[in-house]
Amino acid sequence: MIFNSWEFASLFVLVFGIFYAIAPQLRKWVLLAASFVFIGFNHWGYLILAISTAFLTYGSGILVDKQKEDKQRQRVFTLSLVAHLLILIFFKYFGFLEANLGTLINVLGFKWNPTITKVFLPLGISFYIFQSISYLIEVYWEEQEAETNLQDFMLYMLFFMKFLSGPIERPGDFLPQIKEKKKFDYDKVNYGLKLIAIGLFKKLIIANHLAGALNDVFASVQDFSGAQLLVATLIYPIQLYADFSGYTDIAIGGAAVLGYKLSPNFNRPFIAQTITDFWRRWHMSLSFWVKDYIYEPLAFKKRNWGIWGISYALIITFILLGLWHGDSWNFIIYGAIQGSVIIYEISRSSWCAKWNKYLSGKWFKTYSIIRTYVIFAVSLLFFKVEKLTDVLYVFRHLFDGIRATYKEINFGMTDHNVIVLTCAIVLVFIYEYADSKWDIWGKFEQKPIAVRWSVYYLLIFIIFSCGDFGATDFIYLQF
Amino acid sequence: MELDQILEEVNNIFRKVLNNSTINLTEISTAEDVDEWDSLNNIRLITEVEQYFNVKFKLREIMKLKNVGELCTSVQTKIA
Amino acid sequence: MNKKNLSIFTRKIFIFLIPVFLLVAWYLNSDPFKVLHTYKCYENKPIELNQGYISWQSFLSNRDSLKYDSFILGNSCTMAYPTIIWKPFLVNGIPIRLNANNESLYGIYKKIKRLDQSGVSLKNVLLLLDHSTLRKVVKNKSHTRILHPDISGMENTEFQKEFITAFFNPNFLIPYIDFRIFNTYRKYMRGVVMEKDDHRNQLTNDIINPREFEIKKLEEGYWVKRKKEFPIREVDIDDYSQVIFNKQKKMLGEICEILKKHNTDYQIIINPEWSQKRLNRKDLSELQNIFEADRIHNFSGKNIYTDNKEFFYEKSHYRPLLGKIILQKIYNNKCSFTGSHNLN
C-alpha cells in the first residue's frame, strides 16, 4: 500500500476512528491489525517475511540476553546478525552477487551463466532488517533489555506508518512509546494532520511534477541535450527531497495522530556547508544508523591508524550506505563519493577555517552551500541513472549547451506548471526556514478559527488543483 | 591521580585536538556543549586520551560514558 | 479531559468536512461524468464526457439490436468521418464511431482486441492514425482518457476513483459549480463545460462540430474570424521524429493479425494536419511492412488538402468536407491499385 492512495486514506481514517473509540487495552491490536493489512496488501509474501523476520529478531534478542558468558553472548549475537544479513542479502543482493561472480568466473576462463536475475524484493526489507540489526546490537551492547512482550515487539517492528521507508527507529526511542498508555492528545493530532498535509503538498505538487519531467531524462539520457541534462542534474536533489521528506512528513504526521513520535529524517539539508554536515541533515535515521553501528566501531578499532583509520572507517561506512540503496556498482560509487568528499573535508578543515577568516563569512557560507549542493547533485547521477555508461555520457555532455533556450530546459512543462512548481519549492523552503527559527505552528494556533480554517481549505484546494495524482510511488519504496 | 588533575589534562588534550584554546570542560560537559566535538573528532580525542594516560578503552565502555566526568573516572580506575 | 478533547475534535472535524460530505452527496446524486450508472442517452451537456467511455457504452448498449460490424477508430479527428458519409462506401455495413479524446495506439489496440474477443464481426475498419496517436503506448488513467472498464478489465472501484478525484479537482469543480448556478458559459470553462451542443447521435456516436453552423452562417468570414487558430507555418517544415519502436510494432502487429483473421476490409488514414508536418518515413515504411501497403493512405505533409484552410476548423481538426473527399479517393481508388497516397 502506498501513502498517496485512496486505500491508505481509507485504512488510516478507519484506524484513527477505531483507535480512539476502542478500549485502551485493545488499541495495540488495532495497530497490529492495520499493520498486517498495510504490509500484506500488495502481496501476502511481504507480510509473511516481515512477521518471520520480526520473530527471528525477537527470539534472537531474548537468546542473547539469556547468555551469561561474554563469549557465548558474542557467539549468539554474531549468529543472529549473520542470519539477518543473509535474509537481506538473499532478497536484495543475490542477483547482483551472482552476476558479478559469474563475470569473475568468466574472466578467469570458465563458463558461467547467471540464472537468477532478481528474487522478488519485499517492500521495506532494507528498513526493517536494519531496524532489527539495530535492536540486536543495542541488546548485545547491553544498552537495551531484550523485549519479552511479543505483541509490543511486533508492533515495534511492523508499525505501518514507518514500515515502508522508515524512519529507522531505535529501540530506545520507540519501544518505550509502545508501552505507554495512549491518550487522545488534541495538539498532537492537530500537528500530525498538518504535517500530513505538508507531506502531501511536497509529494503531489513538487515531487510528482518534477518526476514527470526528470524521470524521462534519466531513463534515456541520450535523447536529451547537454543543457537539459545539466538542468535535470541540478534539479533532481529537489525532487528527491520533496519525495522522501514528503513521505517522512506523512509518516511522522500519521504516527503523531496516533500518539507516537517518530524520529526526524531531515533537517534542512540544503543549508549544509559541507557534505559532512549534509549527512547529519539528510536521511538522518539511516546516516545515524551507519554512524553508530558501522563507523564508530570501525574507527574505534583502527584508531591507532590516525587519520587513515578514520578514512578507512568512513569509506567502508559510506560504501555500505550506498550499497544499502541497491544492488549495483552505481550505488557503491554513490556511497564512495560521499565518503571521499568527507575525508577530503576533514583533511582540509583547518585550512578551511583560515579561508573563512579571510573571506567575508557570508560569501564563504554561500559558496560552501552551493558547492555542497552541486557535489550532492552530481553524486546523485550514480543514484538515479541505471547504467554507468549513461552516467559517463551525462558527464561528457553536461556543458554542451550553455546557450540553451527556455523551451528546451523546461522539459515540455507548461508555463503554468513551471510557475506552480517554482512557487511551491520556494514556499516549502520559506516554511522550513520559518519553522526552524520561530514557533510558527504555535503562533498559528492562536489565530482565529476563520483564519485557520481558511488556510486549511486553501491547502486542500491547492493540493487538489495543482497536485499530480498520477500514482507514482515514493522513490524510497524501492529500497 | 586525582580527578581534578585528570580533568585538567583532558582539557589540555581537547584544546590541542580540537584546536580551540577556549575550551573549558567540567565534569558534566558533554559533546553537545562543545562545537567541534563530533563523531569524527571523538575518535581522535579518545585515542589521544588513551595514549596520554597509557590506558585502553573498549568500545562498549566509551559508549556508556555520559559526560567528561565519567571519562575521567574511568581513566582514574584504569590507571590505578 | 481526554474524552472532552476527543469529542471537541470529532465535532470540529465533522463540521470541517461538511462541505466535503455535501460535495460527495452531490456527486453521487448528479453523476456529472455519467459513469456511476448506465444511461440510455449520453450527451456532452453540460460536461464534456470521456468520449472513449461513452462511445464504447453506446456500442455495448446497442450491439444486440444493431449488430455493429463496421468501426471507425481514432482520436477526435474521426469527427471528419460521420458514419452517414462512410456507410455508402460499405457493403451493408452497420457502422459506429469508437473515438476517444487524444486517442493512443494503446487504446486502439485494446479496443480491437476487445471487439475480437466479444465475438463481433469486424467487416470494415477505418483506422485514423497520426504521429501523436502512434507515440502513445501506455495506458492513461486520467478521467478524460481512461479506458472503459469493459475494454481494460479494470476493477470498477479503481475506475470510479479516477472520476471522483477529478470531480474534487478545483479545475473541474469551480467551472462546474459556476455553470450549474448561473447557467452561463464562460471562456475559462473550456475543456470542462461544453459551449455548444454537438448533436451526438446515440447509436453511431457521430457528432456535429458546432463550428459547422458557424461556417454556414459566416462562410469565408469564419476563417477571418478564427485567423489566430491557424498558426503560421514554418518555412522549412521538418518531418515528425520517429515514433514506431518495438512496443508500437508489437501492438500494430497484433492489430493486423486480428484484422486478417476477420478478413476485414480496413483502411488506414494518416491524418492531414494544418502544420503540414509529415509522418516520419521510417514510421510509414514500418506501417507498410506490417499492414498491406495499399490500405495505408498518408495525407500528412504538404499537399493540396493541407494547403487549404477551408478544410479545417482550426489547427487540430478537419471537416467532414475533407473527410468525404478522402473517402472517395480511398474507396474509388481501391479498384485501381496505385499504392499508398504519397502526395508529397
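If you're wondering where the values come from, they're calculated on a predicted model, not measured in any experiment.

Looking only at helices and strands, one finds 15 helices and 5 strands in chain C. For 344 residues, the compact-globule estimate of 2.2 N^0.38 gives 20 Å, and the C-alpha radius of gyration of chain C, at 23 Å, lies within 12% of that figure. Across its three principal axes, chain C shows a C-alpha extent of roughly 90 × 50 × 40 Å. Considering chain C as a whole, with its 344 residues, one finds that 35% of them fall into the buried category.

Now for the overall build of chain A. Within chain A, the secondary structure is distributed over 21 helices and 0 strands. Expected size for 479 residues packed as a compact globule is a radius of gyration near 23 Å; at 24 Å, chain A falls within 12% of this value. Overall, the C-alpha framework of chain A stretches about 75 × 70 × 50 Å when taken along its three principal axes. Classification of the 479 residues of chain A by burial places 38% in the buried group. Excluding contacts between residues fewer than 6 apart, the proportion of contacts in chain A whose partners are at least 24 apart in sequence is 73%.

To continue, consider the sheet that holds strand 5 (residues 296–298) of chain C. All names here are of chain C. Taking strand neighbours across the sheet as the criterion, the 5 strands line up as 2-1-3-4-5 in an open arrangement whose pairing is parallel. Whereas interior strands pair on both sides, the edge strands pair on one side only; in this sheet they are strand 2 (95–99) and strand 5. Each strand axis lies, on average, 15° off the axis of its neighbour in the sheet, ignoring direction.

This part takes up the packing of helix 12 (residues 284–301) of chain A against helix 13 (residues 307–325) of chain A. Residues and elements named next belong to chain A. Viewed as axis vectors pointing N to C, helix 12 and helix 13 meet at an angle of 140°, and their least axial separation amounts to 9 Å. Helix 13 is crossed by helix 12, and the crossing has right-handed handedness. Within the contact between the two elements, helix 12 uses L286, V290, I294, Y295, L298 and A299 and helix 13 uses G309, I310, A313, L314, I316, T317, L320 and L321. Among the residues forming the contact of helix 12 with helix 13, the class breakdown is 12 nonpolar, 2 polar and no charged.

Across the boundary between the two partners, chain C contributes 11 residues, which contact 11 residues of chain A. Broken down by secondary-structure element, the contributors of at least two residues to the side of chain C that touches chain A are helix 1 (2–16), helix 8 (156–168) and helix 9 (170–182) of chain C. At 5 residues, helix 1 of chain C tops the list of elements feeding residues into the side of chain C that touches chain A. For the side of chain C that touches chain A, a count of residues per class yields 5 nonpolar, 5 polar and 1 charged.

A word on the pairing of strand 3 (residues 124–129) of chain C. Residues and elements named next belong to chain C. Of all the 6 residues making up strand 3, 6 are buried; the element is thus mostly covered by neighbouring parts of the structure. Across the two faces of strand 3 the burial is the same, with N124, L126 and L128 and V125, L127 and L129 all buried. Across 4 bridges, strand 1 (residues 70–74) lies against strand 3 in parallel orientation. Looking across to strand 3, one finds that L73 is bridged to L127. Summarising the sheet, strand 3 and strand 4 (residues 265–270) pair through 6 bridges and their orientation is parallel. In the sheet register, L126 faces strand 4, and the bridge partner there is Q267.

How big an interface is tends to be reported as the loss of accessible area on association of its parts. Residues and elements named next belong to chain A. For chain A, the domain assignment lists domain 1 (6–179) and domain 2 (186–266 + 400–478). If you average the C-alpha positions of domain 1 and of domain 2, the two centres end up 29 Å apart. Elements with a minimum of two residues in the side of domain 1 that touches domain 2: helix 1 (6–21), helix 7 (160–163) and helix 8 (171–179). Top contributing element to the side of domain 1 that touches domain 2 by residue count: helix 1, with 3 residues. Here the residues of the side of domain 1 that touches domain 2 are counted per class, giving 7 nonpolar, 3 polar and 3 charged.

Further remarks concern the interface of chain A and chain B. If you look at the interface, chain A gives 12 residues, while chain B gives 10 residues. Counting residues per element, the side of chain A that touches chain B draws most heavily on helix 12 of chain A, which supplies 6 residues. Looking at the side of chain A that touches chain B residue by residue, the class counts come to 7 nonpolar, 2 polar and 3 charged.

What follows is about the environment of C:Q160. In this structure, C:Q160 sits in helix 8. Distance from C:Q160 to C:K67, taken between C-alpha atoms, is 29 Å for residues 93 residues apart in sequence.

This next bit is on the environment of A:R303. Residues and elements named next belong to chain A. Mapped onto the fold, R303 is located in the loop between helix 12 and helix 13. The exposure class of R303 is buried, given the 20 C-beta atoms found within 10 Å. For the pair R303 and T53, spaced 250 residues apart in sequence, the C-alpha to C-alpha distance is 35 Å.

For the rest of this paragraph, the subject is the packing of helix 6 (residues 150–158) of chain A against helix 8 of chain A. Two numbers describe a pair of packed helices, the interaxial angle and the distance between the axes. Residue and element names in this part refer to chain A. The contact between helix 6 and helix 8 brings their axes to 10 Å, and the two run at 125°. In terms of their interaxial angle, helix 6 and helix 8 are classed as oblique. In this structure, the crossing between helix 6 and helix 8 has a hand that is right-handed. In this structure, helix 6 uses D152, L155 and Y156 to contact helix 8, whose residues at the interface are P171, F174, L175, I178 and K179. Taken together, the residues that form the contact of helix 6 with helix 8 break down as 6 nonpolar, no polar and 2 charged.

Turning to the confidence of the model for chain C, a few remarks are in order. Residue and element names in this part refer to chain C. Put simply, chain C has an average pLDDT of 89, and 96% of its residues get 70 or more. Counted against residues more than four places away or in other chains, residues 335–344, with its pLDDT under 50, gives 21 contacts. Predicted complex, confidence summary: ipTM 0.84, pTM 0.81.

Attention now goes to the nonpolar core. Formed by 128 residues in total, the largest nonpolar core has its most connected members in A:L158 and B:V10. Considering each element in turn, this core owes the most residues, 17 residues, to helix 10 (residues 226–257) of chain A. Summarising the domain contributions, this core has at least three residues from each of domain 1 (6–179) and domain 2 (186–266 + 400–478) of chain A. Once residues within four sequence positions are removed from consideration, B:V10 is found in contact with B:L25, B:V49, B:V68, B:L71 and B:C72. Counting residues in each nonpolar core, the second largest holds 70 residues, with C:I54, C:M189, C:M251 and C:L327 among its members.

Another point: unusual backbone geometry. Between A:G166 and the following residue, A:P167, the backbone shows a cis peptide bond with an omega angle of 5°. As for its placement among the helices and strands, A:P167 is situated in the loop between helix 7 and helix 8. Residue C:P46 is bonded to the preceding C:K45 through a cis peptide linkage, with omega at -15°. Topologically, C:P46 is positioned in the loop between helix 2 (18–30) and helix 3 (51–66). In this structure, C:N205 takes a positive phi of about 65° despite not being glycine. Along the chain, C:N205 falls in the loop between helix 9 and helix 10 (211–218). A count of 25 C-beta atoms within 10 Å places C:N205 in the buried class.

Cut-offs used in this document
- Residues numbered from 1 in each chain as written.
- Chains lettered and ligands numbered in written order.
- Predicted model: local features only at pLDDT ≥ 70, side-chain atom pairs only at ≥ 80, totals over all residues.
- Helix = DSSP H or I, 4+ residues; strand = E, 2+ residues; numbered from the N terminus.
- Rg over C-alpha atoms; globule rule 2.2 N^0.38 Å.
- Buried ≥ 20, exposed ≤ 12 C-beta atoms within 10 Å, placed from the backbone.
- Contact = placed C-beta atoms within 7 Å.
- Pairing = 2+ DSSP bridges.
- Axes fitted to C-alpha atoms, helices over the stretch in contact; angles between N-to-C directions.
- Left-handed = near helix turned anticlockwise from the far one by under 90°.
- Nonpolar A, V, L, I, M, F, W, Y, C, P; charged D, E, K, R; others polar.
- Domains from an automatic or database assignment.
- Parallel < 35°, antiparallel > 145°, perpendicular 65-115°, else oblique.
- pLDDT = per-residue confidence, 0-100.
- Core = buried A, V, L, I, M, F, W, Y, C linked by C-beta atoms within 7 Å.

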